[in-house]
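An overview of the molecular structure
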Amino acid sequence: MNPHILLLAAACLVFSQTAGAFEVGEFKSGMNREQIKTALKSWNFEKSIETPDTLMTYDATDNAAARRYLFIFCNERLVGFDQDVPGSFRNLTTIIGNYNTDYGNPIKILALNNVIGAGEKSTLSIFWRKFSDIIGVRYQQMPYNEQLTITNQISNNCWQAPR
């Protein structure tokens, strides 16, 4: 086979894997923390918490919007983004149906049950592959509320995706 064709095919494969990096709104994998903070200024979140590898922004509990974004960093670059959506079984089944249509069968399903201070917490997480990215949905049912999170992750050398 012609080495130029082989090189071109390899370059196309690498480009298609890189082109699959997640982009949700103005947040793109690979951004650094300062770029994320700059993009967040127009979102007007009420609170934020930072750790060395995360940045969480959220609204106060009495805010009807109830937004929560979690940005996860590896080597100072964005590798994961979680966004809460209204928690309900109906929303869960809608998201799962849409992702099954768009991405096919899931690559991983986790079902967990834990005891927490307020009682029992049940978690269902389902992940699909989108090019080189992982997209998933996590539903948690706790004694007094439900939480539904959409997650976007890319492979990285800090932790194994999906998680």
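Residues numbered from 1 in each chain as written. Predicted model: local features only at pLDDT ≥ 70, side-chain atom pairs only at ≥ 80, totals over all residues. Heavy atoms only, no water.

To continue, consider helix α2 (residues 33–40). All of the buried residues along α2 are Arg33, Ile36, Ala39 and Leu40. Along the axis of α2, the buried positions cluster into a sector of 125°, meaning they face one direction only. Against β2 (27–28), β3 (47–51), β4 (54–58), β5 (68–74) and β6 (77–85) lie the buried residues of α2. The backbone nitrogen of Glu34 has a side-chain oxygen 3.1 Å away, supplied by the residue at the start of α2, namely Asn32. (Buried < 20%, exposed > 50% of the residue type's maximum accessible area, 1.4 Å probe, protein only. Helix = DSSP H or I, 4+ residues; strand = E, 2+ residues; numbered from the N terminus. Arc of directions from axis to C-beta. Contact = heavy atoms within 4.5 Å. Polar contact = N/O pair within 3.5 Å; in protein donor to acceptor, adjacent residues only side chain to side chain.)

Two faces belong to every sheet, and in a regular strand the side chains alternate between them. In terms of burial, strand β9 (residues 133–141) is largely enclosed, as 8 of its 9 residues are buried. Two elements, strand β8 (residues 119–130) and β9, share 9 bridges in a ladder whose sense is antiparallel. Across the sheet, the residue bridging to Ser122 is Gln141, located in β9. If you look at the hairpin formed by β8 and β9, you'll find 2 residues sitting between the two strands, and Phe131 has a positive phi there, around 55°. Alignment of β9 against strand β10 (residues 146–154), held across 9 bridges, turns out to be antiparallel. By the bridge assignment for β10, Asp133 is matched with Ile154. Taking the residues between adjacent antiparallel strands as the criterion, β9 and β10 are bridged by 4 residues. (Pairing = 2+ DSSP bridges.)

Moving on: the pattern of salt bridges. For the coordinates displayed, the defined rule picks out 6 salt bridges. With its nearest N and O atoms 3.0 Å apart, the salt bridge here joins Lys37 to Glu50. With Lys37 in helix α2 and Glu50 in strand β3, this pair connects stretches of sequence that are 13 residues apart. According to the relative accessible area criterion, Glu50 is partly exposed, its value standing at 42%. With a shortest N-O distance of 3.6 Å, Arg138 and Asp82 are connected by a salt bridge. (Salt bridge = Lys/Arg side-chain N within 4 Å of Asp/Glu carboxyl O.)

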